[in-house]
Amino acid sequence: MATTTGVNSDLAKERNNSTFDVEELSNFIYRGPEKVKRRRYLHNLATKDPFFRKFKPWAFQTREEQYEICLQKHLYINKKCKELNLTEPVDKFFYTEAAAPHENSPIGLHTVMFIPTIEKQGTEEQKKRWLPLAESLKMIGTYAQTEMGHGTFIRGLETTATYDPRTREFILNSPTITSMKYWPGNLGKTTNHCLVMAQLYTQGKNCGIHMFMVQIRDLETHMPLAGIEVGDIGPKFGYGTNDNGFLRLSNVRIPRENMLMRYSKVLEDGTYVKPPNAKIAYGSMVLVRAAIVTDAARALAQACVISIRYSAVRRQTEVSPGGEEAQIIDYQTQQYRLFPLLATSYAMYFAGRFMYDFYLKTTAEIEGGNLDSMPQLHAISAGLKAFSSWMCSAGVETCRLCCGGHGYSHASGLPKIYIDVVPGCTYEGENNVMMLQVARFLMKMYGKLQNGEALPTFMQYMSTDLNKKSCMTEEVALNCLVMAYEHRAARMIRDAAASMEKLVQSGKSPVEAWNGSTVMLTWAAIAHCHAFVTKLFVETVVKSRMDSKVQSALTSLCKLYAVHGIVENLGGFIQDQFFDSKQVKILQKKLMQLLAEIRPNAVAFVDAFDYPDEVLQSCLGRYDGQVYQALYDYAKSSPMNEKEVLDSYYKYIKPAQNGKYQQYSKL
Ligand SMILES: CC/C=C\C/C=C\C/C=C\C/C=C\C/C=C\C/C=C\CC/C=C/C(=O)SCCNC(=O)CCNC(=O)[C@H](O)C(C)(C)COP(=O)(O)OP(=O)(O)OC[C@H]1O[C@@H](n2cnc3c(N)ncnc32)[C@H](O)[C@@H]1OP(=O)(O)O
Ligand SMILES: Cc1cc2nc3c(=O)[nH]c(=O)nc-3n(C[C@H](O)[C@H](O)[C@H](O)COP(=O)(O)OP(=O)(O)OC[C@H]3O[C@@H](n4cnc5c(N)ncnc54)[C@H](O)[C@@H]3O)c2cc1C
């Protein structure tokens, strides 16, 4: 029986029954006790600060209030980060996730893309000129690339920047309705500057897309400048806190020095100087793609915390007539939906950790003049961004469904997480498009393999003998699981390449052959990402040093991730008889065993993510499990309940009950 104060007794029992020390696992997830301590310190600073608690809950705010309240929170965060000298991105990330959880910042693009683009693409002189203004928020900017007509195909952008050597200025124009910038975050009402991606024309030639700093609003009055039409694009699926905007430029002149010229240049006479690699201008997108992996993992982890704690507290249906109602977490179907997602959240966290490290290492090389790893960085970041945002968004929705009716209420906290994470499938490159970029890289690697050239380490699995069968036995060893994923990916890469080859042989052009094979190419890219993430998870649990009980529990979770992925995608694994039917049965049986094995640790696994209640903002995911009292309090706090009888009763219901409908004819 659940008590109404203290920790819910079912939840308390769960915590007593776990096989490992939760603190040890938190230490492993966040890379050591010092880092856990630091993260808690930052969370505490935010959650205990009365400033963040003075506003009404997000779900009860109008769109305008969402924007205004979130703006105040983020300006305050900005001020506090300076006062507290929080300069490390990881520190800012933890402080912010607790201060304004899943509330997309009205100055977010300024921090995440505007400043980093100046830092990475600006000359020393430009950095000196703009960064102090940007840091002090005198300049507030965004990354204005997408247009109404083009988001994916950025070479097709229509905005023009034409160099005028007489005045040494660029003239910016939005020549058509489809060329207007559309979607950039914070553009509508907040920013006074934009980094505009535009087609550069000089000496009568188109030199491709480049970045230009454009002031759009007066620095004193904040009114749009001459030649600028700008505004908010209106309500969206989510992101109500963010003024995604539109922008039309009509003959806007900016000085030559406002083109970002670290790599490409336009000299005073209009001579164009090429960058060392044209795609270096895409660097800011790569940064955010890399960050999205951790962002998506965090969303799924929080959804799992909510849904798994709630499943331990919620009882539904007597299992035998007259008996006690079962905790819903004991239903195998509930476990089958939730535990693989729990495993996925860990897999994605480790992928996010890897991605961030790899990004830092590779960009340091690029800045040092070695561009060799750019294609790998692009392929890995595009693939992991797409794979993680797909898996985590779908996972958050499943977590919501697993909470039954209460999952549909904002009281669960789950809709807020979902609408924050799901646009990650679209922004920074629509996921299917990103997977096709991965496929392009894979086809290149396949070509190298055919020519006997060396492959990067993470692609060497492609040379596997595809006639080999699985080594899977009853033990279900981790190395056999990894081998299965790599086998499937290698075969799908070969099949996609064969499909293109066949089309070419039938007389199609390479482009037609590509377009006729994009579904198979996408399958191959997804299989490659799945293999990459699985191998990373396995290596993390096998090779890292950690407490032995944690290692044993995490190994089960890792196995579940791998086995579940095979069982759910069986067709791809048995198409070439890699597994025989006996091995398939072994895997299905193992899946059920793993669900049972993970069951006693499910709550401990989510507790280890160490998200305070103030971050989760969920009546269902509370640490103490007092969900029913919380739901009741939430309902009572609804503005709809401020009056016992609403004005609408007298205006509409009462007259209707008396058969009076005249008020409608007045309309
Ligand atoms: C614990 C965590 C701690 C700290 C966190 C740290 C920091 C905090 C930072 C972030 C904050 C946290 C979380 C983020 C969460 C949310 C984000 C918030 C807001 C998001 C706002 C959204 C913004 C946007 O959406 S901006 C617009 C984005 N737009 C796109 O992505 C467009 C997609 N399209 C493209 O990228 C391209 O058009 C393309 C599809 C790649 C094709 O390009 P193109 O036509 O030029 O290509 P070609 O066909 O000519 O050539 C292909 C060729 O180019 C190579 N290529 C392509 N891109 C790259 C690249 N980037 N690098 C290297 N090479 C590239 C490609 O491989 C081909 O090469 P080959 O020819 O050799 O095959
Ligand atoms: C919340 C949010 C915030 C955003 N913030 C910003 C921002 O700050 N700055 C900015 O510049 N932009 C921003 N964007 C825009 C975003 O980057 C684009 O929407 C995104 O890149 C997708 O482009 P698109 O809208 O043109 O989609 P489209 O390309 O029109 O996609 C539509 C469909 O066509 C398919 N498709 C398109 N091309 C291909 C292809 N070559 N092969 C196969 N299929 C294809 C896609 O897979 C998709 O299914 C934001 C978008 C959102 C939703």
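Residues numbered from 1 in each chain as written. Chains lettered and ligands numbered in written order. Predicted model: local features only at pLDDT ≥ 70, side-chain atom pairs only at ≥ 80, totals over all residues.

Caption draft 1: Representation of the overall build of the protein in the model. Within the protein one finds 25 helices and 13 strands. For a compact globule of 667 residues, the expected C-alpha radius of gyration is about 26 Å, and the protein comes in at 27 Å, within 12% of that figure. Expressed along its principal axes, the backbone C-alpha trace of the protein runs to roughly 90 × 80 × 60 Å. Counting every position in the protein, which comprises 667 residues, the buried fraction comes to 44%. Of the contacts made within the protein by residues no fewer than 6 positions apart, 75% connect residues no fewer than 24 positions apart. (Helix = DSSP H or I, 4+ residues; strand = E, 2+ residues; numbered from the N terminus. Rg over C-alpha atoms; globule rule 2.2 N^0.38 Å. Buried ≥ 20, exposed ≤ 12 C-beta atoms within 10 Å, placed from the backbone. Contact = placed C-beta atoms within 7 Å.)

Caption draft 2: Representation of the site of ligand 1. Around ligand 1, the structure places 33 residues, and the nearest of them are Y282, A291, H378, Y427 and G429. Breaking the shell around ligand 1 down by element, the ones donating at least two residues are α6 (89–99), α7 (108–121), α9 (283–313), α11 (374–401) and α14 (431–450). The greatest single-element share of the shell around ligand 1, amounting to 7 residues, is contributed by α9. For the shell around ligand 1, the class distribution of residues is 18 nonpolar, 9 polar and 6 charged. (Near = placed C-beta within 6 Å. Nonpolar A, V, L, I, M, F, W, Y, C, P; charged D, E, K, R; others polar.)

Caption draft 3: Representation of the UniProt feature "domain: Acyl-CoA oxidase C-alpha1" (unreviewed entry) in the protein within the structure. In this structure's numbering, the residues bearing the UniProt feature "domain: Acyl-CoA oxidase C-alpha1" (unreviewed entry) are residues 282–443. Helix and strand shares over residues 282–443 are 74% and 4% respectively, and the end C-alpha atoms of the span are 22 Å apart. (UniProt positions renumbered as here; feature names shortened; annotations may be inferred.)

Caption draft 4: Region of the structure containing the packing of helix α1 (residues 9–17) against α9. The contact between α1 and α9 brings their axes to 8 Å, and the two run at 110°. Between α1 and α9, the interaxial angle falls into the category roughly perpendicular. The way α1 lies across α9 gives a crossing that is right-handed. Residue-level contacts link D10, L11 and E14 of α1 to R309, A312 and V313 of α9. Its residues assigned to classes, the contact of α1 with α9 shows 3 nonpolar, no polar and 3 charged. (Axes fitted to C-alpha atoms, helices over the stretch in contact; angles between N-to-C directions. Parallel < 35°, antiparallel > 145°, perpendicular 65-115°, else oblique. Left-handed = near helix turned anticlockwise from the far one by under 90°.)

Caption draft 5: A look at the nonpolar core. Core analysis: the largest hydrophobic core is formed by 182 residues, its most contacted members being L300, C304, L342, A524 and L557. A total of 20 residues in this core trace back to one element, the largest contributor, which is α9. Setting aside anything within four residues of it in sequence, one finds L557 in contact with L342, A343, Y346, I598 and F605. (Core = buried A, V, L, I, M, F, W, Y, C linked by C-beta atoms within 7 Å.)

Caption draft 6: Looking closely at the site of ligand 2. Of all residues adjacent to ligand 2, which total 22 residues, the nearest are Q145, T146, G151, T152 and W183. Those elements giving two or more residues to the shell around ligand 2 turn out to be β1 (141–144) and α14. Residues of the shell around ligand 2, tallied by class, amount to 10 nonpolar, 11 polar and 1 charged.

Caption draft 7: Highlighting unusual backbone geometry. In the Ramachandran plot, T317 falls in the positive-phi region, its phi being about 75° despite a non-glycine side chain. With respect to the element layout, T317 can be found in strand β12 (residues 315–318). In the Ramachandran plot, V476 falls in the positive-phi region, its phi being about 50° despite a non-glycine side chain. Residue position: V476 is located in the loop between α14 and α15 (478–505).

Caption draft 8: Expanded view of the UniProt feature "active site" (unreviewed entry) in the protein. Taken from the UniProt record, the annotation "active site" (unreviewed entry) applies to E428. Tracing the backbone shows E428 in the loop between α13 (414–421) and α14. Not counting residues up to four positions away in its chain, the partners in contact with E428 are M285, V288, R289, I292 and K385.

Caption draft 9: Broad picture of helix α2 (residues 22–29). Of the residues making up α2, those classed as buried are L25, S26, N27, F28 and I29. On the buried face of α2, the contacting elements are α3 (33–47), α10 (332–367) and α18 (548–568). Positive backbone phi, at 70°, marks R31, one or two positions downstream of α2.

Caption draft 10: Geometry of the environment of Q66. Topologically, Q66 is positioned in helix α5 (residues 63–83). Taking the C-alpha atoms as reference points, Q66 and T333, separated by 267 residues in sequence, lie 38 Å from one another. Excluding anything up to four places from it in sequence, Q66 contacts W58, Q61, G240 and T241.

Caption draft 11: Representation of the environment of P106 within the structure. Relative to the helices and strands, P106 resides in the loop between α6 and α7. Ignoring sequence-local partners within four residues, the contact set of P106 consists of Y67, C70, L71, H74, N186, T190, T241, N242 and D243.

Caption draft 12: Local environment of the packing of α18 against helix α20 (residues 581–598). Across the interface, α18 lies against α20 with an axial gap of 9 Å and an inter-helix angle of 145°. Crossing angle aside, the handedness with which α18 passes α20 is left-handed. Contacts between α18 and α20 involve S556, L557, K559, L560, V563, H564, I566 and V567 from the former and L587, Q588, K590, L591, L594, E597 and I598 from the latter. The class makeup of the residues in the contact of α18 with α20 is 9 nonpolar, 3 polar and 3 charged.

Caption draft 13: Summary view of the confidence of the model for the protein. Predicted confidence across the protein gives a mean pLDDT of 96, with 99% of residues reaching 70 or more. The ipTM for the predicted assembly is 0.97, set against a pTM of 0.97. (pLDDT = per-residue confidence, 0-100.)

Caption draft 14: Just the pairing of strand β2 (residues 160–164), in detail. Side chains A161 and Y163 project from β2 onto a buried face, and the interleaved T160, T162 and D164 project onto a face without burial. Relative to strand β3 (residues 169–173), β2 is paired through 5 bridges, and the arrangement is antiparallel. When the bridges of β3 are listed, D164 appears paired with E169. Hairpin connection, β2 to β3: the antiparallel pair is bridged by 4 residues, and R168 has positive phi, about 55°. Pairing geometry for β2 and strand β5 (residues 193–202), over 3 bridges, is parallel. Pairing of A161 across the sheet is with L200, part of β5. (Pairing = 2+ DSSP bridges.)

Caption draft 15: Here's a closer look at the sheet that holds strand β4 (residues 181–182). The 3 strands are arranged β4-β8-β7 in an open sheet whose pairing can be described as antiparallel. Strands with a single pairing partner mark the edges of an open sheet, and in this sheet they are β4 and β7 (228–232). Across 2 bridges, the pairing between β4 and strand β8 (residues 245–249) is antiparallel. Looking at the pairing, K181 lines up with L247 of β8.

Caption draft 16: Local environment of the environment of F532. By the secondary structure assignment, F532 is in helix α17 (residues 518–543). It is 8.3 Å that separates the C-alpha atoms of F532 and E486, two residues lying 46 residues apart in sequence.

Caption draft 17: Fine view of the pairing of β3. On β3, burial follows the alternation: F170 and L172 on one face are buried, whereas E169, I171 and N173 on the facing-out side are not. Examined bridge by bridge, β3 and strand β9 (residues 252–255) share 4 bridges and lie antiparallel to one another. By the bridge assignment for β9, L172 is matched with V252.

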